[in-house]
Amino acid sequence: MPKKLAIAAAGLLLLTAGCSGAGSTGGSSGDSGDNTITALMVGNPQMEDIQKLTAENFTKQTGITVKFTILPENELRDKVTQDVANQGGQYDVATVGAYEVPIWAKNNWLHELSTQASADSAYDSADLLKPMVDSLTGEDGKMYAAPFYGESSFLMYNKEMFAAKGLTMPEHPTWAQVADFAAKLNDKPAGVAGICLRGLPGWGELFAPLTTVVNTYGGTWFEKDWTPKVNSPEFTAATQFYVDLVKKYGEAGAPQAGFTECLNTFGQGKAAMWYDATSAAGTLEDKNASKVAGKVGYAYAPVNKTEYSGWLWTWAWAMPKTTKKADAAWKFISWATSKDYEKLVGEKLGWSRVPSGKRTSTYSIPQYKESAAAFADVTLGSIEHANPQNPGVQPRPALGVQFVGIPEFADLGTKVSQEVSASIAGSNTVDKALADGQKLAEDVAAKQKK
């Protein structure tokens, strides 16, 4: 296990300790005199945009300087977990997701934001999409992070490549149909993959899409009573299908390809299809960033045994309890997740790049509706049909579509993903990967049953 992932896993396992006093030694409702806050965020296009816009807009308006640190997804999870779990106090705000927030809220590691959001009428917290708010809500009913953008998952495809082969993508494809399309569109001599799929290890990288395949194939990590099912026939069939698909028709270097790599591959016209986050569409439709702008079609996440299979996720701004600049941190969070910020992005960078999927009002903005016409309806439909309570064919013991909402899943999912990634690379078999994963899941289940 790589050192960084090992550290991250260890940090997340600290969550199980309860830590009733966590965060009580550093936080303050006021600010220190310095008008600078530190922000840690994942290196996705939406975060790169806010880094460009902050100094000339937020800082000019408020006098508050924001020092950003941007990291790839796996490294971001490592860094933020170390800081928050160990009460390091290095960051005033950080991007975290629907997996971490409820767990960290339970351990009193984050400031609740409902009070500030409700007190600010201009913020209009009622406008936030309910699925996103619910995913960021603690057991006390309060919101512990504010959604920066929200997403489900869907299938993106190059309409020109499909037309050239006389192929038609249905609105609700099956995985069998996708595999057939990939075989027909794969063109290695031309450097075009039939499909791009994540193969990079990480519970939030490889297993984000793969777990949705497992769900729709009838599999699950755990049954309702915590019986582990990692090496079940359904989980195995889904994983073998995914591995075979990417090995036969996937992108070059698939074992090291995550969201960013597939975004670049598909955006450069080097893949006929890509199954991933709905949030990618805004970048793909930006003519300054994508060679396929205007050429992309969007379909619901492929299925097998379920009607829908898209995941549910939000990258959200959270405020660790250790910050001593809570007032300034909230000013930044409220600005970054506001209607005004969406307008700023639209006017300065292009309306397709608005960090969407979090506010109802976004989908009524005429300029956004025009720029996002190709993908907005499928995005909203995918978000609305994602079901964290029941994403598969059997009851689940914990919330989550593409993850299991327990602290131990980060370590479990990451370790199994490493073995599955090795299967894509050809140095392991799916059967061995999942047999080893089953043993790890049995250890997790034993703890949950106590």
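If you're wondering where the values come from, they're calculated on a predicted model, not measured in any experiment. (Residues numbered from 1 in each chain as written. Predicted model: local features only at pLDDT ≥ 70, side-chain atom pairs only at ≥ 80, totals over all residues. Heavy atoms only, no water.)

Enquirer: If you had to explain the overall build of the protein to someone new, which residues and values would you point to?
Expert: A count of helices and strands for the protein gives 18 helices and eight strands. For 450 residues, the compact-globule estimate of 2.2 N^0.38 gives 22 Å, and the C-alpha radius of gyration of the protein, at 21 Å, lies within 12% of that figure. With 450 residues in all, the protein has 61% of them scored as buried. Total accessible area on the protein is roughly 17200 Å²; 49% of this is exposed by carbon and sulfur atoms. (Helix = DSSP H or I, 4+ residues; strand = E, 2+ residues; numbered from the N terminus. Rg over C-alpha atoms; globule rule 2.2 N^0.38 Å. Buried < 20%, exposed > 50% of the residue type's maximum accessible area, 1.4 Å probe, protein only. Areas by Shrake-Rupley, 256 points an atom, 1.4 Å probe, with all protein chains shown as cover.)

Enquirer: Can you tell me about the side chain of Asp 276, naming the residues and giving the values?
Expert: Take Asp 276: it is sitting in strand E6 (residues 273-277). Looking at Asp 276, the relative accessible area reads 0%, which means it is buried. Within polar-contact distance, the side chain of Asp 276 engages the side chain of Arg 198 at 2.6 Å. In this structure the side chain of Asp 276 is engaged in a polar contact, spanning 3.1 Å, whose partner is the side chain of Trp 274. Beyond its immediate chain neighbours, meaning those up to four positions away, Asp 276 contacts Ser 152, Ser 153, Phe 154, Met 156, Arg 198, Phe 259 and Trp 311. (Polar contact = N/O pair within 3.5 Å; in protein donor to acceptor, adjacent residues only side chain to side chain. Contact = heavy atoms within 4.5 Å.)

Enquirer: I'd love a proper account of the sheet that holds strand E8 (residues 313-318), names of residues and values included.
Expert: Pairing is mixed across the open sheet formed by five strands, whose spatial order is E2-E1-E3-E8-E4. Either end of the sheet is taken by a strand with one partner, and the two such strands are strand E2 (65-71) and strand E4 (146-151). Adjacent strand axes in the sheet meet at a mean angle of 20° when their direction is disregarded. In this structure, strand E3 (residues 93-97) lies alongside E8, joined through four bridges in antiparallel fashion. Looking at the pairing, Val 96 lines up with Ala 316 of E8. Across the sheet, helix H2 (residues 45-62) is in contact with strand E1 (36-42), E2, E3, E4 and E8; its angle to E2 comes to roughly 170°. Packing against the sheet, helix H3 (residues 73-85) makes contact with E1, E2, E3 and E8, and its axis sits at approximately 135° to E1. (Pairing = 2+ DSSP bridges. Axes fitted to C-alpha atoms, helices over the stretch in contact; angles between N-to-C directions.)

Enquirer: Got a sec to walk through the state of the cysteines? Specific residues and values, please.
Expert: All told, the structure shown has one disulfide when counted by the stated rule. Covalent S-S linkage joins Cys 196 and Cys 262, the inter-sulfur distance amounting to 2.4 Å. Judged by the sign of its S-S torsion, about -85°, the cystine formed by Cys 196 and Cys 262 is left-handed. One end of the pair, Cys 196, is in the loop between helix H8 (175-185) and helix H9 (207-216); the other, Cys 262, is in helix H11 (residues 259-267), with 66 residues separating them in the sequence. (Disulfide = S-S within 2.5 Å.)

Enquirer: Give me the lowdown on the pairing of strand E7 (residues 296-300), citing residues and values where you can.
Expert: Burial analysis of E7 places five of its five residues in the buried class, the great majority of the element. Relative to E7, strand E5 (residues 153-158) runs antiparallel, the two sharing five bridges. The partner of Asn 158 across the bridge, within E7, is Val 296.

Enquirer: I'd like to hear about the sheet that holds E5, residue by residue, with values.
Expert: What the three strands build is an open sheet, ordered E6-E5-E7; its pairing is antiparallel. The sheet terminates laterally at E6 and E7, the two strands that pair on one side only. Strand-to-strand twist across the sheet, computed as the mean angle between neighbouring axes with direction ignored, equals 30°. Of the strands in this sheet, E5 and E7 are in contact with helix H16 (residues 376-385), which crosses E7 at around 20°.

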